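So you can see what is in the structure, the chains are spelled out below.
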Amino acid sequence: MSDIVIEAKELTKQYKKQKAVDSATFQIRKGMICGLVGPNGAGKTTIMKMLGGLVLPTDGSFSIFGGSSEAELAHARSRMSFMIETPYAKGEMSARENLEKLRLQKGIPNAKRVDEVLEMVGLQDAGRKHVAKFSLGMRQRLGIAGALLSKPEIMVLDEPVNGLDPEGIIEIRNMLKKFNEELDVTILISSHILAELSQLCTDYIFIRKGKLLEMTSAEELHKLCGEYYHIHTDNDPLALVTLQNKLGIQNCDVLKDGTLRLFERLDELPLISKTLYENGLTPVELHVHEADLESYYMKLVGDDNAEHNQVDTKADKKG
């Protein structure tokens, strides 16, 4: 029996002249925590909406638990849960009342399930408090509680830590890890907080402008990221020119603060240091760093780095 739980082939969604998702092909296997990585408007939410049946593909196909017909997908979605965009809850009702209403709508017979999920997300003491008085973090946890009601095998979560403070982000991260490890829940999660995904995910799908750039495991990514030299001198622009002209360095990034990241000739630190000194430069910092997820993503998109930090509100609604 295959362990592939979601498979997309040339999946495409077009809005008028804009392709929100462009021929995306990927597989998600049972047990993964798969991070969908990309800037606003990349197509992350659109992919999730297609999996959830909220929008129809323009072209291509996908299967869930091996099924791709309308009937098979409807049955497969009964084994999944989705939290896409802002979780809905009535502010004048308590957490327990909201979940009880959702339980009845979903036809879940076990009345005790509401208290179970409230405890799972740490809201057992806030069950009677009106949701209107909840913090953003509590609202996100309530949304996750709703997603857990049906005991899903797959959870699809769109930006579940968006807007949370560091403490709230850590709480959500630990919760999701626990669900994955103890309840065997496969998770597809999108976020623009790459540092957070790097502490959670087992696998990654990189997407930009609707196109899937790469899919890799956390283990493979660690090898690909490797190491780099962080270089800061008393004249960083001159240091870059010197390394390029004297040593033929090509694989070197300039950070916003002007310092350099060197990804080649990592076994020649004495030569690099000597070259800088001989050309009148004084190294202030010269040490090894390991590249992180964000560094790898920025390197992957190449010259479009600036777009990664732009927020396109219109595209984000479709993306």
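None of these values were measured; they are calculated from a predicted model.

Once that is clear, we can look at the sheet that holds strand β1 (residues 4–15). The three strands lie next to each other as β2-β1-β4, forming an open sheet whose pairing is antiparallel. Only two strands of the sheet have a single partner each, and these edge strands are β2 (18–29) and β4 (59–64). Neighbour-to-neighbour, the strand axes of the sheet open up by a mean angle of 15 degrees, direction not taken into account. In the sheet, β1 pairs with β2 via eight bridges, with the strands oriented antiparallel. Bridging from a neighbouring strand, Ile4 pairs with Arg29 of β2. Along the sheet, helix α1 (residues 44–52) makes contact with β1, β2 and β4, crossing β1 at roughly 115 degrees.

Our focus in this paragraph is the sheet that holds strand β12 (residues 260–262). One open sheet holds the four strands; their spatial order is β11-β12-β10-β13, and the pairing between them is antiparallel. What marks the edges here is a single partner per strand, and that holds for β11 (252–254) and β13 (283–290). Going across the sheet, the axis of each strand differs from the next one's by a mean of 20 degrees, ignoring polarity. The pairing of strand β10 (residues 227–233) with β12 spans three bridges and is antiparallel. Each bridged residue has a counterpart across the sheet, and for Ile231 the counterpart in β12 is Leu260. Most of the contacts of helix α9 (residues 236–247) go to β10, to which it runs at about 130 degrees, and overall it touches β10, β11 and β12.

All right, on to the packing of helix α5 (residues 136–148) against helix α6 (residues 166–182) then. Interhelical geometry of α5 versus α6 gives an angle of 15 degrees and a closest axis separation of 11 Å. With respect to each other, α5 and α6 are oriented roughly parallel. The hand of the α5/α6 crossing is right-handed. Here α5 contributes Arg141, Ile144 and Leu148 to the contact with α6, which in turn contributes Glu171, Ile172, Met175 and Phe179. A per-class count over the contact of α5 with α6 returns five nonpolar, no polar and two charged.

What counts and what doesn't
- Residues numbered from 1 in each chain as written.
- Predicted model: local features only at pLDDT ≥ 70, side-chain atom pairs only at ≥ 80, totals over all residues.
- Heavy atoms only, no water.
- Pairing = 2+ DSSP bridges.
- Helix = DSSP H or I, 4+ residues; strand = E, 2+ residues; numbered from the N terminus.
- Axes fitted to C-alpha atoms, helices over the stretch in contact; angles between N-to-C directions.
- Contact = heavy atoms within 4.5 Å.
- Parallel < 35°, antiparallel > 145°, perpendicular 65-115°, else oblique.
- Left-handed = near helix turned anticlockwise from the far one by under 90°.
- Nonpolar A, V, L, I, M, F, W, Y, C, P; charged D, E, K, R; others polar.

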